[in-house]
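Residue-level structural notes
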Amino acid sequence: MKLGMVGLGRMGANMARRLLRAGHECVAFDLNRDNVAAIAADGGGSAATLADLVKSLPQPRAVWVMVPAGAPTEQSVEQLGALMSAGDIIIDGGNSFYKDDVRRAAKLAERGIHYLDVGTSGGVWGLERGYCLMIGGNAEAVRHVEPLFRALAPGRGSIPPADGRESTSSSAEEGYLHCGPAGAGHFVKMVHNGIEYGLMQAYAEGFDIMKAAGTDQRPEAMRYNLNLADISELWRRGSVVSSWLLDLTAAALAQSPELSEFTGSVDDSGEGRWTVEAAIEQAVPADVLSAALYARFRSRVSHTFGEKLLSAMRHQFGGHVEKAAKPVK
């Protein structure tokens, strides 16, 4: 298929490269012309403007928007909506708020343009590992661009279906899934990221406790100067708490046991807040996810080793760079 890719940041550029490797055509647009040139050097096409990008695609056109959530996505979708025609498809692969998806889909549907919201997980590792894709929108549009989802997703690989799961035709085992109508993809991704907050916080607190075990606050006979890098590596093998996040934790501690390059000021990108808001709207208890979000707020005032580890994990999976901590008033 031929796809337009708008936004060539940490994830967008690698997604374009993965599609090119799979034999698809990609026409790239980004405000940074160096990013566009890099994709062109890898065999992709380039466009100087959104209008040029749209003109270069066969109908029905498909354009994937991979820019920051909020105003950049809103502006990109509005501009593309004005340039595209009935039957065309706009895909938002960023971390948009699902209620914005519902609104955008309804507005574009008035002109016959399909809008798909695709929660995309994989971070800076997705080029090689593939991307887990959570998709919302019109089923017919999903089917039309399914070859793109199949190319971006990890595929079955060596992972068998879960014990007790009968063999099905679900694409979930391939690493992508049509979750429901407009907004459903980003709703599922929102909860995914809320859970991620909780998992990261659990690891951070556990390692913080082990770090403190060697301090003089404990009786001398019970002081343990634990090798956290070794322990994280140990837990990757046979432990019930093993996960990809633990793999990244182990990598961070192997590279920097004291995490001295991190302050521990941990940002939140929106999805954790939205998950807690959804829990409140639906009267669903979310004690752990709420506490994990509040811990990130507190981290911007004072810092622990655990918060340095949180920051290191974010850097490992998403290339996120710490923002400067706000001064205490």
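**Brief notes about the packing of aromatic side chains**
- Counted according to the given criterion, the structure contains seven aromatic pairs.
- Centroid distance Phe-97 to Trp-274: 4.9 Å. Interplanar angle 35°. Geometry classified as tilted. Note that Phe-97 is positioned in the loop between β5 (89-92) and α5 (98-109) and Trp-274 in helix α12 (residues 271-281), a separation of 177 residues in sequence.
- The class of Phe-97 is buried, set by a relative accessible area of 18%.

**Details of the pairing of strand β6 (residues 114-121)**
- Of all eight residues in β6, seven are buried, a share of seventy percent or more.
- As paired elements, β5 and β6 share four bridges and run parallel to each other. In the strand pairing of β6, Ile-91 is matched with Leu-116.
- Viewed along the sheet, the connection from β5 through α5 into β6 turns out right-handed.
- Sheet topology places β6 next to strand β7 (residues 132-136); five bridges connect them, and they run antiparallel. Note that in β7 the partner of Val-118 across the bridge is Ile-135.

**Focus: helix α10 (residues 228-235)**
- Along α10, the residues that are buried comprise Leu-228, Ala-229, Ile-231 and Ser-232. Buried residues of α10 fall within an arc of 165° about the axis and therefore sit on the same side. Opposite the buried face of α10, at more than 90 degrees from it, the exposed residues are Asp-230 and Leu-234.

**Details of the nonpolar core**
- One finds Met-5, Trp-64, Leu-116 and Phe-149 to be the most contacted residues of the largest nonpolar core, which totals 31 residues.
- Sorting elements by how many residues they give to this core places helix α1 (residues 12-21) first, with five residues.

**Notes on the packing of helix α9 (residues 184-212) against helix α14 (residues 305-318)**
- With their axes 8 Å apart at the nearest point, α9 and α14 run at an angle of 135° to one another. Between α9 and α14, the angle is such that the two are oblique. Classified by chirality, the crossing of α14 by α9 is right-handed. Seen from α9, the contacting residues are Glu-196, Met-200, Gln-201, Tyr-203, Ala-204, Phe-207, Asp-208 and Lys-211; seen from α14, they are Phe-305, Gly-306, Leu-309, Leu-310, Met-313, Arg-314 and Phe-317.

Criteria and cut-off values
Sequence order sets the numbering: in each chain, residues are counted from 1 along the sequence as written. Whole-chain, interface and lining totals are the exception, using all residues; otherwise, since this is a predicted model, local features are given only for residues with pLDDT of at least 70 and side-chain atom pairs are given and counted only at 80 or more. Calculated side-chain values reflect all of the structure's heavy atoms, with hydrogen atoms and water omitted. Any two rings among Phe, Tyr and Trp, with Trp reduced to its six-membered ring, count as a pair given centres within 6.5 Å; such a pair is stacked if its planes are under 30 degrees apart, edge-to-face if over 60, and tilted if neither. Put simply, DSSP H or I for four residues or longer makes a helix, DSSP E for two residues or longer makes a strand, and each gets a number counted from the N terminus. Using a 1.4 Å probe on the protein chains alone, a residue whose accessible area is under 20% of its type maximum counts as buried, one over 50% counts as exposed, and one in between counts as partly exposed. Strands pair, by our definition, only if DSSP identifies at least two bridges between them. By convention, a crossover is right-handed whenever its connection, traced from the first strand over the helix to the second and viewed with the strands pointing away, goes clockwise. In this description, the arc belongs to the directions extending from the helix axis to the C-beta atoms. Among the buried residues, those of types Ala, Val, Leu, Ile, Met, Phe, Trp, Tyr and Cys that are joined through side-chain atoms within 4.5 Å form a nonpolar core. Between the N-to-C directions of two axes lies an angle of 0 to 180 degrees, each axis being a line fitted to C-alpha atoms and, for a helix, fitted only over the stretch in contact. The cut-offs work like this: below 35 degrees is roughly parallel, past 145 is roughly antiparallel, 65 to 115 is roughly perpendicular, and the gaps in between are oblique. Two helices that cross are described as forming a left-handed crossing if the nearer one is turned anticlockwise from the farther one by less than a right angle, and a right-handed crossing if clockwise. Contact between two residues is taken to exist if any of their heavy atoms lie within 4.5 Å; hydrogens are not considered.

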